[in-house]
Amino acid sequence: MTIPLSILDLAPIAPGHTVRESFAASVALAQTAERHGYARVWYAEHHNMPTIASSATSVLVGYIAAHTSTIRLGSGGVMLPNHSPLTIAEQFGTLAELYPDRIDLGLGRAPGSDQTTARAMRRDPRASDQFPQDVLELQAYLRGESIIPGVQAVPGAGTNVPLYILGSSLFGAQLAAALGLPYAFASHFAPDALHEAIATYRRDFQPSQQLAEPHLIVAANVIAAEDGADAALQFETTRRSRVRGMIARGPSAPDYSDDQIDAFLTTPEGRNIANMMRYTAVGTPAEVRAWLEDFAASTAADELILAHQSRDVADRLRSVELTAEAMSGATV
């Protein structure tokens, strides 16, 4: 592949399936990605979400690493204000010692949950304000150059696990540029600030010990199938599911029909939610390749993160395969 492809996996829990089955599907996804030349798989920290099983991100990364051989694995990301930098340095330092040269550490500052859940995690409401300082503290632990006298990460010190800043606003772009770190923009669900964030990151980038030049990663949703109509149907199912999950939360939430969801999508609020999936490649392998080539070219991305959104596991794995085969040798 001319442009490296990564995968974002939230370990989704499909209706009628168990968490254990979700983890088995994540293993199959990573193994499929490894066979087909993807650069890495990212796992994102979310909490109190009944359809997402990737909350204990470092544990999941270790489990997938034990069932794969070469593909890089990382957090996309760990929400650092939920944790102490020392704890994350120890967790990812442990992973780096167990699986050398395969572990990446993407960092975000959002809670990965609602405010009630954030309180349940004992998260300080002011924790996000300390994110830049926490990143520097974490980086120092991993280099074995602790900025807190007498404290070191064991394991962790000297592993130099690569750091990435993840974001959906200009703040992340500015921080990644200032620290000289790779930057990944979450355009698969927050598309509006993409191009402004890219411009900010590239303009303000300062070389660092980790990175001499900017490294930009942008995200898109993908549903590839041999038949374009099948891909379109999978997309409609996925979009309805996302909308339903956003407007029907809690045990007493209504069970909206597909017709009701489609009607809601015609409203201003519904269109706003649908816009979250603006950057989505849907269709045959050739159509997906053309879309991804245009997207990579328009952003001058160095890497693409693909969120394969098919709800059925078999369809998701096939989308991973078809996209890799289509993008083999693609030029941007």
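Data block above holds the structure.
Residues numbered from 1 in each chain as written. Predicted model: local features only at pLDDT ≥ 70, side-chain atom pairs only at ≥ 80, totals over all residues. Heavy atoms only, no water.

S.K.: Help me understand the overall build of the protein chain in this model?
M.R.: Across its full length, the protein chain carries twelve helices and nine strands. At 19 Å, the protein chain has a C-alpha radius of gyration in line with the 20 Å of a compact globule built from 332 residues. Overall, the C-alpha framework of the protein chain stretches about 60 × 50 × 40 Å when taken along its three principal axes. When burial is assessed residue by residue, the protein chain has 50% of its 332 residues classed as buried. Counting only contacts in the protein chain whose residues sit at least 6 apart along the sequence, the fraction spanning at least 24 positions is 73%. Just so you have it, the protein chain exposes about 14,700 Å², and 53% of that area is on carbon and sulfur atoms. (Helix = DSSP H or I, 4+ residues; strand = E, 2+ residues; numbered from the N terminus. Rg over C-alpha atoms; globule rule 2.2 N^0.38 Å. Buried < 20%, exposed > 50% of the residue type's maximum accessible area, 1.4 Å probe, protein only. Contact = heavy atoms within 4.5 Å. Areas by Shrake-Rupley, 256 points an atom, 1.4 Å probe, with all protein chains shown as cover.)

S.K.: Even after reading the chapter, I still don't get the layout of surface pockets, so can you show me in this structure?
M.R.: Each pocket or cavity is described by its volume, and for the second largest pocket that value is around 160 Å³. For the second largest pocket, the full set of lining residues is R20, F23, A24, A53, S55, A56, V59, L60 and Y63. Elements represented by at least two residues in the lining of the second largest pocket include exactly α1 (19-35) and α2 (57-66). Residues belonging to the lining of the second largest pocket are distributed by class as follows: seven nonpolar, one polar and one charged. (1 Å grid on protein atoms, 1.4 Å probe; cavity = no way out; pocket = protein on both sides within 12 Å on 5 of 7 lines; lining within 4 Å. Points joined across faces, edges and corners; volume = space filled by probe spheres on them. Nonpolar A, V, L, I, M, F, W, Y, C, P; charged D, E, K, R; others polar.)

S.K.: When you look at the pattern of salt bridges in this model, what are you seeing that I'm missing?
M.R.: One side chain can pair with another of opposite charge once the charged atoms of both are near each other. Applying the stated criterion across every chain, the model contains twelve salt bridges. Note that R72 and D104 form a salt bridge whose closest N and O atoms lie 2.8 Å from each other. Of the two residues, R72 sits in strand β3 (residues 72-79) while D104 sits in strand β4 (residues 103-108), which places them 32 residues apart along the sequence. Note that D192 is salt-bridged to R278, the shortest N-O span being 2.5 Å. Taken as a pair, D192 in the loop between β6 (183-185) and α7 (194-204) and R278 in the loop between α10 (268-275) and β8 (280-283) lie far apart in primary sequence, 86 residues in all. (Salt bridge = Lys/Arg side-chain N within 4 Å of Asp/Glu carboxyl O.)

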